[in-house]
Amino acid sequence: MADLRPRPHLFLFLSLFFLFLCFFSGKSSQFGIENDFTWLLDDDEDDKLDIIQTRISDSQRRCDLTVGKWVYDPSYPLYDSSCPYLSTAVTCQKNGRPDSDYMKWKWKPRDCSLPRFDALKFLGKMRRKRILLVGDSIMRNQWESLVCLVQGVVPIGSKKVIYNGISMAFHALDFETTIEFCWAPLLVELKKGPENKRILHLDLIEENARYWRGADILVFDSAHWWTHSEKWSSWDYYMEGKSLIKEMNPMLAYQKGLSTWARWVDLNLDPRRTRVIFRSMSPRHNRENGWKCYKQKTPLAFFSHKHVPEQMIVVKEVLRRMRFPVYLQDITEMSGLRRDGHPSVYRKAMDQKERQHLRDFSSDCSHWCLPGVPDLWNEMLNALL
């Protein structure tokens, strides 16, 4: 007759085995997002391209935030131009811009909804985190937008901004959260050489990157400075290794510089500790000597023909070769529809006499009025986080 008495050692073994399976099939993320990086492990070639798409997950599918349209929403903007952290050059209302509808458009993705920015929820998610935006003046544009989106819910005695050379940091003290901007428009190092010549070192980055260490979230951009005309170029020579180079195809130089950045990220950052996002090129509407955006009051509904900037092709190729999972926040096409969103001549305060001779002033069709388009970039960033 078989012995049917319970065997304690067998029961204990089975229990431990079951707990082992549960533990290793579990899902966790420092950012609280389920299945955060699992799609990166798929071997299918099409899925590998997801690494460079602006997507968020819902319960059934991933939504491409870049496909959509601008819709008028009178409940926008989410703050006004009295925000104390705005640069004079982007406070278009204070500078005399007569229309205000450019502030009231929100981006609506085709296949899902983009959550409205909630400052308290954002700061709650970012508690004890350091957010660092790195790049050029357009990235500072985005930093000012993000700071203005959150600062209104932080009591006056619980916030401060510290300016320190090439960096500036907003501190939400009760949340122990910092939102920083660091100036590095080329990412790689630009130095003075013999005879005061400016040398762009395509393979050196540590002098800039030392500021980036320790951040929980890094948002990068670098594009515009690489394509400045010779008259406005920021360097006299390129340098790679010990080779001094007078001329180089700008996109080849961009690829080399961006590859140096990519190697630094791969070698120095841990994806379990740091989220890295690369924001795509902000479009300029500078045709007709910068007057293409003057007096524009509504977004374009569509493009007569689509153009993919060469910089975007280079960025995607560099990101494809990286081991570190970098997210490409693609804002280029959606922002290209917004020729109404630039300061144009309203980049400085003007008196009544000056306003009668607007054509005497240069027109800024590169930066963005705030409140305005970068606020929607930050709504998208919030969704990605």
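Residues numbered from 1 in each chain as written. Predicted model: local features only at pLDDT ≥ 70, side-chain atom pairs only at ≥ 80, totals over all residues. Heavy atoms only, no water.

In plain terms, the rule: UniProt positions are given in the numbering used here, feature names are shortened, and annotations may be inferred rather than shown by experiment.
As recorded in an unreviewed UniProt entry, the protein goes by the name Trichome birefringence-like N-terminal domain-containing protein, listed as coming from Acer negundo. As stated in UniProt under Sequence similarities (unreviewed entry), the record for the protein gives "Belongs to the PC-esterase family. TBL subfamily." In its Subcellular location (unreviewed entry) section, the UniProt record describing the protein reads: "Membrane".

**Some points on helix α4 (residues 137-151)**
Note the threshold: Starting at the N terminus, helices and strands are each numbered in turn, a helix being any DSSP run of H or I of at least four residues and a strand any DSSP run of E of at least two. Working rule for helices: expected span equals 1.5 Å times residues minus one. Residue exposure (1.4 Å probe, protein chains only): buried if accessible area is under 20% of the type maximum, exposed if over 50%, otherwise partly exposed. Between N or O atoms, a polar contact is any pair within 3.5 Å; within protein, one atom must be a potential hydrogen donor and the other a potential acceptor, and residues adjacent in sequence are included only when both atoms are from side chains.
Taking 1.5 Å per residue as the helical rise, α4 with its 15 residues ought to reach 21 Å, and the 21 Å between its terminal C-alpha atoms agrees with that figure. For α4, the buried fraction is high: 13 of the 15 residues fall into the buried class. In this structure Asp136 caps α4, since a side-chain oxygen of it lies 3.0 Å from the backbone nitrogen of Ile138.

**Focus: the sheet that holds strand β15 (residues 327-329)**
What counts here: Should DSSP find at least two bridges between two strands, the strands are regarded as paired. A fitted line through C-alpha atoms represents every axis, and for helices the fit uses only the stretch in contact; the resulting angles, taken between N-to-C directions, go from 0 to 180 degrees. Residues count as neighbours in contact if any of their non-hydrogen atoms are within 4.5 Å of one another.
Read from one edge to the other, the open sheet built from seven strands follows the order β6-β7-β8-β5-β11-β14-β15, with strand pairing classed as mixed. Both edges of this open sheet fall to β6 (159-164) and β15, since each of them pairs with a single strand only. On average, each strand axis in the sheet is tilted by 20° relative to the strand beside it, whichever way the strands run. Relative to strand β11 (residues 217-220), strand β5 (residues 130-135) is paired through four bridges, and the arrangement is parallel. Looking across to β11, one finds that Val134 is bridged to Phe220. Along the sheet, helix α10 (residues 373-384) makes contact with β11, β14 (275-279) and β15, crossing β15 at roughly 155°.

**Quick look at the state of the cysteines**
Put simply, the rule is: Cysteine sulfurs are considered disulfide-paired once they come within 2.5 Å of each other.
Per the stated rule, a full pass over the model turns up four disulfides. One disulfide bridge connects Cys83 with Cys148, the sulfur atoms lying 2.0 Å from each other. Looking along the S-S bond of the Cys83-Cys148 disulfide, the torsion reads about -90°, which is the left-handed sense. Linking Cys83 in the loop between β3 (68-72) and β4 (105-109) with Cys148 in helix α4, this pair joins segments that are 65 residues apart in sequence. The class for Cys83 is buried, based on a relative accessible area of 5%.

**Considering the pairing of strand β10 (residues 198-201)**
Where strand β9 (residues 189-192) and β10 come together, four bridges link them in antiparallel fashion. Pairing of Glu189 across the sheet is with His201, part of β10. Connecting β9 to the next strand, β10, in antiparallel fashion are five residues, including Glu195 with a positive phi near 60°. Two strands pair when backbone bridges link them, and β10 and strand β12 (residues 237-240) are joined in this way by three bridges, in the parallel orientation. Each bridged residue has a counterpart across the sheet, and for His201 the counterpart in β12 is Met239.

**Section: the pairing of strand β7 (residues 167-172)**
Most of β7 sits inside the fold, with six of its six residues counted as buried. Every second residue of β7 is oriented toward a common face, with Ser167, Ala169 and His171 on one face and Met168, Phe170 and Ala172 on the other, all of them buried. Adjacent in sequence and paired antiparallel, β6 and β7 are bridged by two residues, among which Gly165 carries a positive phi angle near 65°. Here six bridges tie β7 to strand β8 (residues 177-183), and the two strands are oriented antiparallel to one another. Each residue of the ladder has a partner; that of Met168, found in β8, is Phe181. Counted along the chain from β7 to the antiparallel partner β8, the turn is four residues long, and its residue Glu176 has a positive phi close to 55°.

**Some details on the confidence of the model for the protein**
The condition is simple: Looking at any residue, its pLDDT shows the predictor's confidence there, from 0 to 100.
In the predicted model, the protein carries a mean pLDDT of 84, and 79% of its residues have values of at least 70. This model gives residues 1-6 a pLDDT under 50, and the stretch forms zero contacts once residues within four places in sequence are excluded. Taken as a whole, residues 10-51 scores under 50 in pLDDT and shows 39 contacts with residues more than four places along the chain or in a different chain.

**Side note on the nonpolar core**
Operational definition: Take the buried Ala, Val, Leu, Ile, Met, Phe, Trp, Tyr and Cys residues and link them wherever side-chain atoms come within 4.5 Å; each set so joined is a nonpolar core.
Trp212, Trp261 and Phe278 are the most contacted members of the largest nonpolar core, which totals 41 residues. For this core, the secondary structure elements donating two or more residues are β5, β11, α6 (250-268), β14 and α7 (310-320). Excluding anything up to four places from it in sequence, Phe278 contacts Leu187, Phe220, Asp221, Ser222, Tyr254, Leu258, Trp261, Val315, Val326, Tyr327, Leu328 and Gln329. Tyr79, Phe117, Cys148 and Val219 belong to the second largest nonpolar core, which has 34 residues in total.

**Description of the side chain of Asp364**
Relative to the helices and strands, Asp364 is located in the loop between α9 (352-355) and α10. Within polar-contact distance, the side chain of Asp364 engages the backbone nitrogen of Ser366 at 2.9 Å.

**Focus on the side chain of Asp340**
Note that Asp340 resides in the loop between α8 (332-336) and α9. Polar contacts involving the side chain of Asp340 include one to the side chain of Arg338, which spans 2.8 Å. Each residue touching Asp340, except ones within four places of it in the same chain, is listed here: Arg97, Tyr102, Trp105, Gln296, Lys297, Thr298 and Pro299.

**With respect to unusual backbone geometry**
Most peptide bonds are trans, and most residues other than glycine sit at a negative phi. Looking along the chain, the bond that leaves Tyr76 and enters Pro77 is cis, with omega of 5°. Position of Pro77 relative to the elements: it lies in the loop between β3 and β4. Here Leu370 and Pro371 are connected by a cis peptide whose omega angle stands at -5°. The residue Pro371 is located in the loop between α9 and α10 in this model. Positive phi is not limited to glycine here, since Glu176 has a value of about 55°. At Ser344, a residue that is not glycine, the phi angle is positive and equals roughly 55°. Take Ser344: it is sitting in the loop between α8 and α9.

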